[in-house]
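Examining the three-dimensional arrangement
So you can see what is in the structure, the chains are spelled out below.
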Amino acid sequence: MAWVSTYPETYVLRYGGMERRIVFRHGSGDWGVIYEVEHGCYSRHLPSDAGVVVDLGAGIGVFTLLASMIYPEAKIFSYECEPASYGLLVHNVVMNDLEDRVKTYPYAVTGSRQIRRLNIELNLRGVMGSSLVWGEHDFQGKLDVKCVTLEDVFLMNGLKRIDLLKADIEGSEHEALRSPAIKYVGAITMEVHGFRDEAERLLGFLRDSGFKVEVVEDRDERFRIVDAWREGFG
């Protein structure tokens, strides 16, 4: 496929005396994700312990690998619907001998089960980003992908709770998280896209669902990093 990079490189993530190797596409959007994750973008209010971690929009597996070090006993379930990124996600899990702890799925997580068109932003060296919500007229790549719901995440993995859910799903968070299953989630770290009133509706839903919510970074009128957690979850 045209968006498979021919410029792979390897980087080493380190945490608490442990390390994970990660193959990424030089010149693509992968390095920005590595930089953000390594510099604490999604780790301001993480729970002290987590037995189950779900990574929505896992990309090539940067947060998945970090979580495997932060929570060395956790089971991790990682979802990525863009095929080239998913291929590297699987490669990085296998390369770090994490197949017994990390289960991967080539699906998007949204508000309903369906097939939807994924818009993929490309450059000559790989995938810069992808979204089900925007990019219909601007992004070069198009692909139909399978979508599942948060309820499906619980069902297909036999889960009764999720201790930590990370979401980087480029606008789909507004539908994916508005789920009855959210009451079984203890903590969330995520990107929230959209104008302020749209973002506030999602954050209000989380507050009404029992979460404490903090906007960790308010980068511009259409993008923010948000942490949400329940006190005494469990």
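Section: the overall build of the protein chain
Regarding its fold elements, the protein chain presents 6 helices and 13 strands. At 17 Å, the protein chain has a C-alpha radius of gyration in line with the 17 Å of a compact globule built from 234 residues. Once the C-alpha set of the protein chain is aligned to its principal axes, its extents read approximately 45 × 45 × 35 Å. Per-residue burial for the protein chain yields a buried fraction of 55% across its 234 residues. Intrachain contacts of the protein chain at a sequence separation of at least 6 include 63% that bridge at least 24 residues.

A few points about helix α6 (residues 196–208)
In a regular helix each residue adds 1.5 Å, so 13 residues correspond to 18 Å; α6 covers 18 Å between its end C-alpha atoms and thus fits that length. Against α5 (173–176), β11 (187–193), β12 (212–220) and β13 (223–229) lie the buried residues of α6. The first or second residue beyond α6 is Gly210, which carries a positive phi of 100°.

Details of the pattern of salt bridges
Evaluation of the coordinates by the stated rule reveals 11 salt bridges. The shortest N-O distance in the salt bridge between Asp144 and Arg117 comes to 2.7 Å. Of the two residues, Asp144 is situated in strand β9 (residues 141–148) and Arg117 in strand β7 (residues 114–123); the sequence distance between them amounts to 27 residues. Across the salt bridge formed by Glu200 and Arg207, the nearest N and O atoms sit 3.7 Å from each other. Judged by relative accessible area, Glu200 falls into the partly exposed class, the value being 38%. Under the relative-accessibility criterion, Arg207 is labelled partly exposed at 39%. By sharing partners, the salt bridges in this structure join Arg196, Asp218 and Arg224 into a single network.

Remarks on the pairing of strand β3 (residues 52–56)
The buried fraction of β3 amounts to 5 of the 5 residues, a majority that puts the element mostly inside the structure. Along β3, one buried face is formed by Val52, Val54 and Leu56 and the opposite face, lined by Val53 and Asp55, is buried too. Bridge analysis of β3 against strand β4 (residues 75–79) gives 5 bridges, and the strand direction is parallel. Bridge pairing links Val53 to Ile76 in β4.

Looking at the packing of helix α1 (residues 30–38) against helix α2 (residues 62–70)
Direction vectors running N to C along α1 and α2 enclose 30°, while the axes themselves pass 9 Å from each other. As judged from the angle between their axes, α1 and α2 are roughly parallel. By crossing handedness, the relation of α1 to α2 is classed as right-handed. Contacts between α1 and α2 involve Val33, Ile34 and Val37 from the former and Val62, Phe63 and Leu66 from the latter. Its residues assigned to classes, the contact of α1 with α2 comprises 6 nonpolar, no polar and no charged.

Points about the state of the cysteines
Under the defined criterion, the tally for this structure stands at 0 disulfides. Not engaged in a disulfide, the cysteine Cys41 finds its nearest cysteine sulfur in Cys81; these two sulfurs lie 19 Å apart. Given the relative accessible area of 3%, Cys41 is considered buried. Left unpaired, Cys81 is separated from the closest cysteine sulfur, that of Cys147, by 6.9 Å.

Side note on the packing of aromatic side chains
For the structure shown, the criterion picks out 5 aromatic pairs. Measuring from ring centre to ring centre gives 5.1 Å for Tyr11 and Trp31, while their planes differ by 80°; the resulting arrangement is edge-to-face. With Tyr11 in strand β1 (residues 8–15) and Trp31 in helix α1, this residue pair connects regions lying 20 residues apart in the sequence. Judged by relative accessible area, Tyr11 falls into the partly exposed class, the value being 24%. A residue is classified by how much of its surface remains accessible, and Trp31, at 39% relative accessible area, is partly exposed. Centroid distance Phe154 to Tyr184: 6.1 Å. Interplanar angle 65°. Geometry classified as edge-to-face.

The rules behind each value
Every chain is numbered independently, its residues counted from 1 as its sequence is written. A pLDDT threshold of at least 70 governs which residues receive local features in this predicted model, and a stricter bar of 80 or more applies before side-chain atom pairs are shown or counted, although totals over entire chains, interfaces and linings include all residues. For the side-chain quantities, the full set of heavy atoms in the structure was used; hydrogens and water were omitted. The numbering of helices and of strands both runs from the N terminus, where a helix is a DSSP run of H or I of at least 4 residues and a strand a run of E of at least 2. Only C-alpha atoms enter the radius of gyration, while the globule expectation follows 2.2 Å times N to the 0.38, with N the number of residues. Buried residues are those whose accessible area, probed at 1.4 Å on protein chains only, stays under 20% of the maximum for their type, while exposed residues exceed 50% and partly exposed ones sit between those limits. The contact criterion used is simple: two residues touch if any of their non-hydrogen atoms lie within 4.5 Å. The span you would expect from a helix comes to 1.5 Å times its residue count less one. Counted as salt bridges are all cases of a side-chain nitrogen of Lys or Arg within 4 Å of a carboxyl oxygen of Asp or Glu. When DSSP finds two or more bridges between a pair of strands, those strands are recorded as paired. Fitted lines through C-alpha atoms serve as axes, helices being fitted only where they are in contact, and the angles separating the N-to-C directions of these axes extend from 0 to 180 degrees. Here the word oblique covers every angle except those under 35 degrees (roughly parallel), over 145 (roughly antiparallel) and from 65 to 115 (roughly perpendicular). Left-handed is the label given to a crossing in which the near helix is rotated counterclockwise from the far helix by less than a right angle, and right-handed is the label when the rotation is clockwise. All amino acids are sorted into three groups, where Ala, Val, Leu, Ile, Met, Phe, Trp, Tyr, Cys and Pro are nonpolar, Asp, Glu, Lys and Arg are charged, and the leftover types, Gly among them, are polar. Two cysteine sulfurs form a disulfide in these notes if their separation is within 2.5 Å. Centre distance within 6.5 Å is the pairing criterion for rings of Phe, Tyr and Trp, where only the six-membered ring of Trp is used; planes under 30 degrees apart are then read as stacked, over 60 as edge-to-face, and the remainder as tilted.

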